[in-house]
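These are the residues of each chain, in order.
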Amino acid sequence: MTSRIPRDSRLRLVRPRPLAAAPSAVNQRRPRRPAPRPPEGTPAPAELARMARSGLAAAARVARWADAALHPGRDGATSDGKGTLSDETAERAAAELGLTPDQIRADWDTARLAGLVEVHGDSARPGWRLRAWNRDDSAVLRGWVALFDAWSLAYPEPTDHEPAAVAEVVSAMPQVLSFLQLSAGPVPEEQLLDLLQQRVTELRTERCEIPYGPRSEPAHPTHPAHPALAEAEPAQSAALHLASARPESEAAPRPEPDAPLAPLLDWALRALASVGALTYGHGQATLTPLGSWAVWVKLEQICVAAQSPAGNIEQAAEGMLRGCAQLRPNAARAEYRAWLAARPVGNAVTELIDAARGDDALLRGLAFEALRVVGAPAEPDVRSVADEPTLRPYALLWLAEHDGIDPEDAHEVLTREEATWLWVDTAAAVADHGEAPMLVRHLESALQPTVPALLDEVRAVGHPRTVQVLVALAAAHPDPALAKAVRRAAFQVHTGGS
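Source: prediction; values computed, not measured. (Residues numbered from 1 in each chain as written. Predicted model: local features only at pLDDT ≥ 70, side-chain atom pairs only at ≥ 80, totals over all residues. Heavy atoms only, no water.)

Draft legend 1. Region of the structure containing the pattern of salt bridges. This structure, assessed with the given rule, holds 21 salt bridges. The partner of Lys298 in a salt bridge is Asp149, with the nearest N and O atoms 3.3 Å apart. Here Lys298, found in helix H12 (residues 289-306), pairs with Asp149, found in helix H8 (residues 137-149); they are 149 residues apart in sequence, far enough to count as distant. The residues Lys298 and Asp149 share a single accessibility class, namely buried. Here Arg372 and Glu401 are joined by a salt bridge, their closest N and O atoms 3.0 Å apart. Of this pair, Arg372 sits in helix H16 (residues 361-374) while Glu401 sits in helix H18 (residues 392-402), placing them 29 residues apart in sequence. Arg372 gets classed as partly exposed once you look at its relative accessible area, which sits at 22%. The structure contains a network of salt bridges with shared partners spanning Asp87, Asp102 and Arg105. (Salt bridge = Lys/Arg side-chain N within 4 Å of Asp/Glu carboxyl O. Helix = DSSP H or I, 4+ residues; strand = E, 2+ residues; numbered from the N terminus. Buried < 20%, exposed > 50% of the residue type's maximum accessible area, 1.4 Å probe, protein only.)

Written as structure tokens, this is what we have:
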């Protein structure tokens, strides 16, 4: 590497995708699982998308109105940081669209849950799904699934029940939904109540709670679990519950053991009906085609992960990322999606960011790859860590791509110092998990035009792994003169010299 060689300033290795294709992983040939087919009778994707567009038409209309009427710089939301419409904006929209302010607020909330509107601090902006609404069926279906995942936020919860009891019902509903999907027809409410009671009892048993009151025996025998869940226990109980989950807290008040669950089941079924996942009336519930398809998709995600050699769905974020390190990029992203489907999105994002804060640079890069799969729901957390030196370059790249900048050009948002820090961090990942030729190739991706310039800026950036990276690079590089210069730089960093 000399100054006479034309330079390409792009940091090609700032993202860890090349590491996922390391030679040891490239030689692996995992058997390809045939694409699963939805249950017989499931409408085609285009028909499902038509149903979703119809159900979200009012929300899309309000989102388009806001896009056209609320220009940048005009305050259309309150300062609560939640993107709630201000009274003035709601009344203006109601007058122009011929609706009531309450209808406008309800449609606005639905648009937010479906990703048609994205909240950023005290303001909101149109989501990418709104831009693709008329031409991209997959965007429409993703928006509806996002609303389905947030069903417990779409309908007011009972105020006369303990929050812990509501949280238990929310956690138990995936089992109820899987039973509805298995039944493929109307199910009496009494049967669903029996299943809900059993599942809530299982959740309390898993927490090792000591019974503190008389408990009545269930009136009906245990219902069979969905066969697709046989290899996925116990992850299936959380698979369908993403953004809407309220994690149970040990400090939260325990619900009364004999508290009636029938009102809470009624609330849950009405909430799911309000998002179009099922029909509910005359003492029975039936999944809609959209609801049945969504439950099947979630179950498939669980089964794919449960059948993987590493069993990543059951692991914490760090273990999952390590299990994905040897997978090809597409396979790794499939694992990320399955892992995310099995836990509340808020908890998953927190776990991934905590894993990124660790000492392993490879996990740091993979964690942000998983956060790319999360998408918009991860933005507040990613933005909140943008000031942490260890995570800042990764967060800035994530935010740039989230804002629509081409990934090939996203590196331009980094300062020279941030780009150099990221180069060292990526080199540390290569040194720890890659092979010597990869580290030598990584040298060619540096922003600096010459080795001396690179070494000067690497020494100045203060990355904690600088010495180890330089030593590994000197040992790997075939040019004796360059290796000697790199070793000298490593010694100077180690001794604090210049």
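The discussion continues.
Draft legend 2. Spatial organisation of the packing of aromatic side chains. Going through the model one piece at a time under the given rule, you end up with three aromatic pairs. Relative to Phe148, the ring of Trp144 has its centre 5.5 Å away and its plane inclined at 5°; by these criteria the two rings are stacked. Of this pair, Trp144 and Phe148 both sit in helix H8, separated by four residues, roughly a single helical turn. The two residues Trp144 and Phe148 agree in class, both being buried. An angle of 25° between the planes, with centres 5.6 Å apart, marks the rings of Phe368 and Tyr394 as stacked. With Phe368 in helix H16 and Tyr394 in helix H18, this pair connects stretches of sequence that are 26 residues apart. (Phe/Tyr/Trp six-rings, centres within 6.5 Å; stacked < 30°, edge-to-face > 60°.)

Draft legend 3. Quick look at the nonpolar core. Judged by nonpolar contacts, the single largest core of 67 residues is most densely connected at Leu116, Trp144, Trp151, Met173, Leu180, Leu192 and Leu196. Counting residues per element, this core draws most heavily on helix H9 (residues 163-183), which supplies 10 residues. Once you skip the residues sitting within four places of it in the chain, Leu196 turns out to touch Val169, Ala172, Met173, Val176, Leu261 and Leu265. (Core = buried A, V, L, I, M, F, W, Y, C linked by side-chain atoms within 4.5 Å. Contact = heavy atoms within 4.5 Å.)

Draft legend 4. The pairing of strand S5 (residues 284-287), seen in detail. Of the two faces of S5, only one is covered, namely that formed by Ala285 and Leu287; the face formed by Gln284 and Thr286 stays uncovered. Bridging between strand S3 (residues 187-188) and S5 involves two bridges; their strand directions are antiparallel. Its bridge partner lying in S5, Val187 is registered against Ala285. As paired elements, strand S4 (residues 278-281) and S5 share four bridges and run antiparallel to each other. Considered in S5, the bridge of Thr279 is made with Thr286. Counted along the chain from S4 to the antiparallel partner S5, the turn is two residues long, and its residue His282 has a positive phi close to 55°. (Pairing = 2+ DSSP bridges.)

Draft legend 5. Fine view of helix H14 (residues 329-341). Across its 13 residues, H14 extends 18 Å between first and last C-alpha, which sits within 8% of the 18 Å expected from 1.5 Å per residue. Of all the residues in H14, the buried ones are Ala332, Glu335, Tyr336, Ala338, Trp339, Leu340 and Ala341. (Expected span 1.5 Å × (residues − 1).)

Draft legend 6. A look at helix H6 (residues 101-113). Taking 1.5 Å per residue, 13 residues should reach 18 Å; H6 reaches 18 Å between its end C-alpha atoms and fits that length. Along H6, the residues that are buried comprise Ile104, Asp107, Trp108 and Ala111. Axial view of H6: buried residues confined to an arc of 105°, hence all on one face. Residue Gly115 follows H6 closely and has a positive phi angle near 80°. (Arc of directions from axis to C-beta.)

Draft legend 7. Geometry of the sheet that holds S5. Taken in spatial order, the three strands line up as S3-S5-S4 in an open sheet, and their pairing is antiparallel. Only two strands of the sheet have a single neighbouring strand rather than two, namely S3 and S4. On the sheet, helix H11 (residues 262-274) packs against S4 and S5 and is oriented at approximately 135° with respect to S4. (Axes fitted to C-alpha atoms, helices over the stretch in contact; angles between N-to-C directions.)

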